[in-house]
There are 2 protein chains.
Amino acid sequence: MSDVKHMKWWGWGVDGVAFHHENKPGFAPFVKMALDLDLTKTKGTPPEFEDIDVPASRASAEFIAELTGIVGEGHVEAGDLARVVHTFGKSLRDLIRVRVGAFPRTPDVVIYPADEAEVQAIVTASVAADAVIIPFGGGSNIAGSLEPLADEERTVVSLDLGRLNRVIEIDTDSNLARIQAGAQGPDLEAELEAAGWTIGHFPDSFTHSTVGGWVATRSSGMQSDKYGDIADIARGLRVVRPEGVLVLNALPSTSTGPSVREMILGSEGRLGVITEVTVQVHRIPEKREILAYLYPTWDAGLAALQAISESDATPSITRVSDGNETMFSFATSKASKGISSLVTKGLGVFLKSKGWDTDKMCLSFIGNEGGTELVARNQKIIAGIVKKHGGVSVGKGPGVLYDQKKFDTPYIRDWFLDWGGSADVSETAAPWAKLPELYRNVIASANRAFDEIGVKGWIMAHLSHSYHSGACLYFTFAYLDSGDAIAHYDVVKGAIQQAFIDSGGTLSHHHGVGLEHAPWMEQDISTEGVTIMRGLFGAVDPGRHFNPGKVLLDE
Amino acid sequence: MSDVKHMKWWGWGVDGVAFHHENKPGFAPFVKMALDLDLTKTKGTPPEFEDIDVPASRASAEFIAELTGIVGEGHVEAGDLARVVHTFGKSLRDLIRVRVGAFPRTPDVVIYPADEAEVQAIVTASVAADAVIIPFGGGSNIAGSLEPLADEERTVVSLDLGRLNRVIEIDTDSNLARIQAGAQGPDLEAELEAAGWTIGHFPDSFTHSTVGGWVATRSSGMQSDKYGDIADIARGLRVVRPEGVLVLNALPSTSTGPSVREMILGSEGRLGVITEVTVQVHRIPEKREILAYLYPTWDAGLAALQAISESDATPSITRVSDGNETMFSFATSKASKGISSLVTKGLGVFLKSKGWDTDKMCLSFIGNEGGTELVARNQKIIAGIVKKHGGVSVGKGPGVLYDQKKFDTPYIRDWFLDWGGSADVSETAAPWAKLPELYRNVIASANRAFDEIGVKGWIMAHLSHSYHSGACLYFTFAYLDSGDAIAHYDVVKGAIQQAFIDSGGTLSHHHGVGLEHAPWMEQDISTEGVTIMRGLFGAVDPGRHFNPGKVLLDE
């Protein structure tokens, strides 16, 4: 395959890296309790590539030759592995299907352009050939935004931006950096950091996602409370379209009518191929510190975070887990270092003496960045709010560990699949007033769904981002499944998504729509909202060449 | 006319209120110096309504009867005064034309619905009758967004939202308020303030503009550094369209594809009629204070504001005027109170002793809001930055006066028109690195334009809003004109707008596009940007019923 790096064809992350539970003493009892999973039994293994059947490419030799003429030998692939890697993202639905070789449709050809001019030539050639173009960044999408439609009869091109991976320039006067769309998180951040800057955007997928992908799906990161969502960070854009390049200059703000910038954000490839993003960057702060807190109940933690968001403090991370997710955090801590050691030692005794039910307590992380004085000031304000809501500080040790392992969680899902388990996430945002009931409704809906499919299910949640008027709640669910995994997933996932909408939340705060969430679009943005968006797509891509069927299902 | 309040038909603001120079001792010498205007001569007066010719309404009696059936007697007007009031906004072009009765086209009928259901009925009836609908809020627009196209042959309906003027509810838990689109600034703010809240949105037009108008034109206010532009503040929207109401729930953030919310923002009526906006609101801060500073040069002031924007301080207002605008501020100060009294007393002597050229010094206002401790902390950080850039503090007196008279400036233009003078504003935004040269280019371009039309022109500017990556520069220009005022205005305004674009700025930061700025759209958002936006408008309003020709000129 090309020298562009990709994740495992069957799962998350890089080959040779996986989740291990052996050094986490609380993990085996936790999964027994939560999921009835017995780790003394024998685990399955991921499939071998040669054991799966891959549909043949439908690309004509002529078209492949034409594409090769644009990018040169070695940058066009039509082999099975390349096409499988580019068929799906990494949702549970994707991982289940890839393991059994269920490919409703694969791309017919994968192409790796070297620059924007080559992207333009590919787009022109593909449209002329009546082919479909699906832009591909890091492949971490979990909303079904990458897969070709099952009934697509035209040639499907997966346009991999992996070679457009440079930080082009940093405008140190304006705090702006021009970055090619295919640059992955760690690579672009390393280039920025070497010059003393940070983008401040760290989604869970950071290690394997690209700035173009962040824009295409309206990504949000762990420090977005301070740095903003990608919609705030991305100021300028270049997008290749059939007739030429859309160029949106990097502007701090503008009143030039309906925002074309905000049409490209979240467009998931339907309006063209993003080739460059000019992002806001920040000088690396003098100090960065994450402190951990515990609350006796979810309601207390939620109320505390709301109060923090309304205070004069300006934290970079505001996160609180519910009781179940807190238990999970303890269970995945190493014996010697984790927060679980704190709790099992004196802290647990102390909290019980205060009347806490330690099975229901909620772990919170609050991060602050900036000058030393600002960090101290924020922490003081936050300490007062935590105390007022009955919380206690547990210092910075857990925060350091959280920071180190924050990107490792997706590996657990592959490990769990080896045990026959299904696990995935769903997240939403809603006004503060609606969050308590939304949370209860989602938990209740998920539990009803677990009953319906006859599994012992587990669901846990955290608040991941705070805003002036509301917050994002992020749910993770899991269960052992010996039946029809896709059908069962549809039941659980669908129940949670419907509970979001019914409770006044949105279908997704930062994972995008794709195919997975598209059925809820009309309920989310109203019939007229869909009419307007469908009008946009239809007018701008009448031939349906750009990732058709995503965001809005075909009528 | 209807009991909905409107501004003077021929100018800004309410009847009986006007600019007076008699209590401002520095004003007469200033205008003599700057504009060669001799105030000892006799001033003209605004026209009398009976002296102007108004084209007849083209609305059929049947259509007016149909509209009356929807809203009831007294809420439909086809008389000359109502139609003139609804023909233009308040740009210089508008004021010149209205004074001489130059109406290329007026609306044929003005209608005042009482609620959203009536708006829906009007929209349905108008589309069925192949009429054109132009929504009307406060009528303060200066971009030509309100006037019917000169060659419009269909019936034109001015849909005045003035009766939809209530704050419907305040969600005190989520910091959100539902407000009807026609609510004017002072009215909605008074309702919010009575409950302890503020919207934090105070554009120059505040006293005569509406929340619907703010959304339709992407407004920005004087405290937007803290509270955000209206694009940040407006979370939820209701927009009446032919087939029903677009409903966008108030969400803190969402990843539901291209943002329909950000399509309505800046849409200037082209996507439907905004009937309700759910805005973020804030508790009235404990303290609010504006401090004034002086800098020896524009470059020093600009650099200081850039440094403030990158600091840990969180001001609500960041403003610095250039030397010319500072002179203007002094000239419009009252003898006993203004900043001019400070300067003419000891301060001027002191600054000259420091080597300042007091004709070039630059006045700055920095506002802070929040808890007393936050305000003090911000002011301390800012004081350090000011000092580092060679500035001096001149206390809070000037800021109090600025706060009191900040909404009065538009009255000067009508007074100046009585003297045969033309004055207007143009504003832009650009990255920090481009601002110094942009400023110089605009000044040079304006002066060339003044030469071209043979006038002694005056141009002055201030930085009005700071962002992480750039700022808004706001220019005001004026000259006495005894020739073809419109043709001359085109020369000057066009030169300034072109200098914005050529220097890397946008055509407008917060006044919108309308007809006035539409010629620069393709240069601003690129050909493909126009293609996308035109596609949206064409798909969503194929019959061109909604304020056609605005934002993008007809092809």
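The shown structure was predicted, so the numbers you read here are calculated from the model rather than taken from an experiment. (Residues numbered from 1 in each chain as written. Chains lettered and ligands numbered in written order. Predicted model: local features only at pLDDT ≥ 70, side-chain atom pairs only at ≥ 80, totals over all residues. Heavy atoms only, no water.)

1. Here we look at the pattern of salt bridges
Residue and element names in this part refer to chain A. Across all of its chains, the model carries 50 salt bridges over all chains by this definition. Here Asp418 and Arg99 are joined by a salt bridge, their closest N and O atoms 2.9 Å apart. You can see Asp418 sitting in helix H16 (residues 410-418) and its partner Arg99 sitting in helix H4 (residues 92-100), a full 319 residues away along the chain. Across the pair, exposure class does not vary: Asp418 and Arg99 are buried alike. A salt bridge links Arg413 to Asp424; the nearest nitrogen and oxygen atoms lie 3.1 Å apart. With Arg413 in helix H16 and Asp424 in strand S16 (residues 421-431), this pair connects stretches of sequence that are eleven residues apart. Comparing Arg413 with Asp424, the two get one shared label, buried. (Salt bridge = Lys/Arg side-chain N within 4 Å of Asp/Glu carboxyl O. Helix = DSSP H or I, 4+ residues; strand = E, 2+ residues; numbered from the N terminus. Buried < 20%, exposed > 50% of the residue type's maximum accessible area, 1.4 Å probe, protein only.)

2. A short note on the pairing of strand S14 (residues 362-370) of chain A
All names here are of chain A. Among the nine residues in S14, nine count as buried, and that is most of the element. A two-sided burial pattern is seen for S14, the buried positions comprising Cys362, Ser364, Ile366, Asn368 and Gly370 on one face and Leu363, Phe365, Gly367 and Glu369 on the other. Pairing of strand S12 (residues 287-295) with S14, which is carried by nine bridges, proceeds in the antiparallel orientation. The residue of S14 that forms the bridge with Glu289 is Asn368. Here four bridges tie strand S13 (residues 317-321) to S14, and the two strands are oriented antiparallel to one another. Residue pairing in the sheet places Arg319 in a bridge with Phe365 of S14. (Pairing = 2+ DSSP bridges.)

3. Some remarks on the relation of the copies chain A and chain B
Turning chain A through 180° and shifting it by 0.0 Å along the axis lays it on chain B, with an RMSD of 0.0 Å. As the rotation angle and translation indicate, the two copies are arranged about a two-fold axis. Nearest to the rotation axis, the C-alpha of Leu536 of chain A is located 2.3 Å from it, this being the minimum over chain A. With an isologous cut-off of 70% or more, the 100% of interface residues of chain A that recur at the interface of chain B puts this contact in the isologous class. (Least-squares fit on C-alpha atoms with pLDDT ≥ 70 in both. Contact = heavy atoms within 4.5 Å.)

4. Regarding the interface of chain A and chain B
Between chain A and chain B, the residue contacts involve 80 residues of the former and 80 residues of the latter. For the chain A and chain B pair, buried surface summed over both sides reaches about 6,000 Å², with 58% attributable to carbon and sulfur atoms. One can count four salt bridges joining chain A with chain B. Residues Arg241 of chain A and Glu528 of chain B are paired through a salt bridge, measuring 2.8 Å at the closest nitrogen-oxygen approach. Run the count over chain A and chain B and you get 40 residue pairs in polar contact (both at pLDDT 80 or more). A per-element tally of the side of chain A that touches chain B places helix H19 (residues 521-540) of chain A first, with 14 residues. Grouping the amino acids of the side of chain A that touches chain B by side-chain chemistry returns 32 nonpolar, 33 polar and 15 charged. (Buried area = accessible area lost by both parts, 1.4 Å probe. Polar contact = N/O pair within 3.5 Å; in protein donor to acceptor, adjacent residues only side chain to side chain. Nonpolar A, V, L, I, M, F, W, Y, C, P; charged D, E, K, R; others polar.)

5. Points about the sheet that holds strand S4 (residues 156-160) of chain B
All names here are of chain B. Taken in spatial order, the four strands line up as S1-S2-S4-S3 in an open sheet, and their pairing is mixed. Taken across any chain shown, the strands that pair with only one partner, and hence form the sheet edges, are strand S1 (76-77) and strand S3 (132-136). Both S3 and S4 contribute to a ladder of five bridges, which runs parallel. Looking at the pairing, Pro135 lines up with Leu159 of S4. Packed onto the sheet, helix H5 (residues 116-128) meets strand S2 (109-111), S3 and S4 and runs at close to 170° relative to S4. (Axes fitted to C-alpha atoms, helices over the stretch in contact; angles between N-to-C directions.)

6. What about the confidence of the model for chain A?
Taken over all residues, the pLDDT of chain A has a mean of 95, while the share at 70 or more is 98%. Confidence estimates for the predicted assembly give a pTM of 0.97 and an ipTM of 0.97. (pLDDT = per-residue confidence, 0-100.)

7. Some remarks on the packing of helix H17 (residues 435-453) of chain B against helix H18 (residues 485-502) of chain B
Residues and elements named next belong to chain B. Running from amino to carboxyl end, H17 crosses H18 at an angle of 160°, the nearest separation of the two axes being 8 Å. The angle between the axes of H17 and H18 places the two elements in the roughly antiparallel class. The interaxial crossing formed by H17 with H18 has right-handed handedness. Note on element contacts: H18 touches H17 through His488, Val491, Val492, Ala495, Ile496, Ala499 and Phe500, opposite Leu438, Asn441, Val442, Ser445, Ala446, Ala449, Phe450, Glu452 and Ile453. Per-class residue counts for the contact of H17 with H18 are twelve nonpolar, three polar and one charged. (Parallel < 35°, antiparallel > 145°, perpendicular 65-115°, else oblique. Left-handed = near helix turned anticlockwise from the far one by under 90°.)

8. Regarding the packing of aromatic side chains
Residues and elements named next belong to chain A. If you walk through the whole model with that rule in mind, you get 30 aromatic pairs over all chains. On the numbers, 5.0 Å between centres and 80° between planes, the contact of Trp9 with Phe49 is edge-to-face. Here the residue Trp9 occupies a position in the segment before helix H1 (27-35), and Phe49 occupies one in the loop between H1 and helix H2 (61-71), the gap between them amounting to 40 residues. Three or more aromatic residues joined by ring pairs form one cluster here, namely Phe19, Phe27, Trp415 and Trp419. For the cation-ring pair, Lys226 lies above Tyr227, with the distance from its terminal atom to the ring centre recorded as 5.4 Å. (Phe/Tyr/Trp six-rings, centres within 6.5 Å; stacked < 30°, edge-to-face > 60°. Lys NZ or Arg CZ within 6 Å of the ring centre and 35° of its normal.)

9. Digging into the sheet that holds strand S8 (residues 234-241) of chain B
All names here are of chain B. Pairing is antiparallel across the open sheet formed by five strands, whose spatial order is S5-S6-S10-S8-S9. At either end of the open sheet lies a strand with only one pairing partner, and these are strand S5 (167-171) and strand S9 (244-248). Neighbouring strand axes in the sheet, compared pairwise and without regard to direction, differ in orientation by 10° on average. Examined bridge by bridge, S5 and strand S6 (residues 176-180) share four bridges and lie antiparallel to one another. The residue bridging Asp171 from the neighbouring strand is Leu176, located in S6. Helix-sheet contacts for H5 involve S8, S9 and strand S10 (273-280), and the interaxial angle to S8 is about 45°. Contacting S5 and S6, helix H6 (residues 185-194) crosses the sheet at an angle of about 40° to S5.

10. A short note on H19 of chain A
For H19 of chain A, spanning 20 residues, the distance from its first C-alpha to its last is only 20 Å, which falls clearly below the expected 28 Å at 1.5 Å a residue. Helix geometry: H19 of chain A is bent most strongly at Thr527 of chain A, by close to 85°. (Expected span 1.5 Å × (residues − 1). Bend = angle between axes of the 7 residues up to and from the residue.)

11. Focus on the environment of Glu437 of chain B
Residue and element names in this part refer to chain B. The topology assignment puts Glu437 in helix H17. By relative accessible area, Glu437 is classed as partly exposed at 48%. Counting along the chain gives 67 residues from Glu437 to Gly504, while the straight-line C-alpha distance between them is 9.6 Å.

12. A few points about helix H14 (residues 372-388) of chain A
In an α-helix, one turn spans 3.6 residues, which is why side chains three or four residues apart end up on the same side. Taking 1.5 Å of rise per residue, the 17 residues of H14 of chain A would be expected to cover 24 Å, and the 25 Å separating its terminal C-alpha atoms lies within 8% of that figure. Buried residues in H14 of chain A make contact with S12, helix H11 (298-310), S14 and strand S15 (392-395) of chain A together with helix H14 (372-388) of chain B. Following H14 of chain A by one or two positions, Gly390 of chain A adopts a phi angle in the positive range, close to 80°.

13. Quick notes on the packing of helix H4 (residues 92-100) of chain B against helix H16 (residues 410-418) of chain B
Two packed helices can be described by the angle between their axes and the distance between those axes. Residues and elements named next belong to chain B. Following both chains from N to C, one finds H4 and H16 inclined at 45°, their axes separated by 11 Å at the closest point. In this view, H4 runs oblique relative to H16, as classed from their interaxial angle. As for the relative orientation of H4 and H16, their crossing is right-handed in sense. Across the interface between the two elements, Leu92, Leu95, Ile96 and Arg99 from H4 touch Arg413, Asp414, Leu417 and Asp418 from H16. Within the contact of H4 with H16, the residues separate by chemical class into four nonpolar, no polar and four charged.

14. Quick look at the nonpolar core
Generally speaking, a soluble globular protein has its nonpolar side chains buried in company with each other. Grouped together as the largest cluster of nonpolar side chains are 128 residues, with contacts concentrated most on Leu294 of chain A together with Leu294 of chain B. Sequence-distant contacts of Leu294 of chain A, defined by excluding residues within four places in its chain, comprise Phe330, Leu347, Leu351, Trp356, Met361, Cys362, Leu363, Gly391, Val392 and Val394 of chain A. (Core = buried A, V, L, I, M, F, W, Y, C linked by side-chain atoms within 4.5 Å.)

15. Brief notes about empty space enclosed by the protein
Overall, the coordinates contain five cavities of 30 Å³ or more when judged by the stated rule. Looking at the largest cavity, its volume works out to about 100 Å³. Around the largest cavity sit 15 residues that line it, and Lys8, Trp9, Val85, Phe88 and Lys90 of chain A are the ones nearest its centre. Only helix H3 (80-85) and H4 of chain A provide two or more residues apiece to the lining of the largest cavity. In terms of residue class, the lining of the largest cavity is made up of eight nonpolar, four polar and three charged. Put simply, the second largest cavity is a space of about 50 Å³. If you trace the second largest cavity, you find it lined by His6, Met7, Lys8, Trp9, Val85, Lys90, Phe136, Gly138 and Gly139 of chain B. Each residue belonging to the lining of the second largest cavity can be placed in one class, and the counts come to four nonpolar, three polar and two charged. (1 Å grid on protein atoms, 1.4 Å probe; cavity = no way out; pocket = protein on both sides within 12 Å on 5 of 7 lines; lining within 4 Å. Points joined across faces, edges and corners; volume = space filled by probe spheres on them.)

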